[in-house]
Amino acid sequence: MSAATITVINGPNLNLLGTREPGIYGTETLADVEARCVAVAEELGLALECFQGNGEGEIIDAIHRARGGSAGLVVNAGAYTHTSIAIRDALAAVEAPFVEVHISNVHAREPFRAHSYLSDIAAAVILGCGTQGYDFAIRRLAALVSDR
């Protein structure tokens, strides 16, 4: 029997982790974050797929690819969190739980960042925990997948 797969989807500008506003997002690179995610998934007996895209359509395509093949998703949609009904609709169509992740505490930043089009359909929302939020999200999905 193969391991359940968790898909990690990162949105715009997350490819710049480690160099973009390190005071807000830290110094870990996206490759560092993905390596930690793989380690956590392996510890939990899960397979992991990672994707990063800067375009809304790319992200929607990645969500569609996860449909039917992924037991759950970790989603950091970046700025699209606050603007994209299309990404929300794609996530609703996957019919698998997803955890919304934000590296920073979006509620302690600009007012426009406080609204999310994703939160009310997410299984959980993790924010302000730095990149460790990804670890928490994978662990939460592992618990949800085991309950199915």
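Everything that follows concerns the structure shown earlier in this document.
Quick look at the structure, then. Just so it is clear, the structure is predicted and the values come from calculations on it, not from any experiment.

1. Topic: the packing of aromatic side chains
1) Next: The final tally for this structure, using the stated rule, is 0 aromatic pairs.
2) Next: Arginine 65 extends its terminal NZ or CZ atom over the ring of phenylalanine 51, reaching a point 5.6 Å from the ring centre.

2. Examining the environment of glycine 26
1) Next: Tracing the sequence through the fold places glycine 26 in the loop between helix 1 (22-25) and helix 2 (30-43).
2) Next: Spatially, the C-alpha atom of glycine 26 lies 9.4 Å from that of serine 104, the residues being 78 residues apart in sequence.

3. A closer look at unusual backbone geometry
With glycine set apart, most residues show a phi of negative sign, and most peptide bonds adopt trans.
1) Next: A positive phi angle, close to 75°, is found at asparagine 13, a residue other than glycine.
2) Next: Structurally, the position occupied by asparagine 13 is in the loop between strand 1 (5-10) and helix 1.
3) Next: For asparagine 13, a relative accessible area of 34% corresponds to the partly exposed category.
4) Next: In this model, glutamate 21 sits at a positive phi of 40°, which is unusual for a non-glycine residue.
5) Next: Here glutamate 21 lies in the loop between strand 1 and helix 1.
6) Next: On the accessibility criterion, glutamate 21 (38% relative accessible area) is partly exposed.

4. A few points about the pattern of salt bridges
1) Next: Counting across every chain of the model gives 5 salt bridges.
2) Next: Close ionic contact of glutamate 28 with arginine 36 constitutes a salt bridge, the shortest N to O distance being 2.6 Å.
3) Next: In this structure, a network of salt bridges that share partners links the residues Glu28, Arg36 and Asp135.

5. Quick notes on helix 3 (residues 56-66)
1) Next: If you check which residues of helix 3 are buried, you get Ile59, Ile60, Ala62, Ile63 and Ala66. Along the axis of helix 3, the buried residues cluster in a sector spanning 160°; they form a single face.
2) Next: If you follow the buried residues of helix 3, they end up packed against strand 1, strand 2 (47-52), strand 3 (72-76) and helix 4 (85-94).
3) Next: Immediately downstream of helix 3, the backbone of glycine 68 shows phi near 85°, a positive value.

6. As for helix 4
1) Next: Those residues of helix 4 not exposed but buried are Ile87, Ala90, Leu91 and Val94. Projected down its long axis, helix 4 shows its buried positions confined to an angular sector of 100°, all on one face.
2) Next: Buried residues in helix 4 make contact with helix 3, strand 3 and strand 4 (98-102).
3) Next: Among the residues of helix 4, the N-terminal cap falls to serine 84, whose side-chain oxygen and the backbone nitrogen of alanine 86 are separated by 3.4 Å.
4) Next: Residue glutamate 95 follows helix 4 closely and has a positive phi angle near 60°.

Conventions adopted
- Residues numbered from 1 in each chain as written.
- Predicted model: local features only at pLDDT ≥ 70, side-chain atom pairs only at ≥ 80, totals over all residues.
- Heavy atoms only, no water.
- Phe/Tyr/Trp six-rings, centres within 6.5 Å; stacked < 30°, edge-to-face > 60°.
- Lys NZ or Arg CZ within 6 Å of the ring centre and 35° of its normal.
- Helix = DSSP H or I, 4+ residues; strand = E, 2+ residues; numbered from the N terminus.
- Buried < 20%, exposed > 50% of the residue type's maximum accessible area, 1.4 Å probe, protein only.
- Salt bridge = Lys/Arg side-chain N within 4 Å of Asp/Glu carboxyl O.
- Arc of directions from axis to C-beta.
- Contact = heavy atoms within 4.5 Å.
- Polar contact = N/O pair within 3.5 Å; in protein donor to acceptor, adjacent residues only side chain to side chain.

Just geometry here; none of it tells us what the structure is for.
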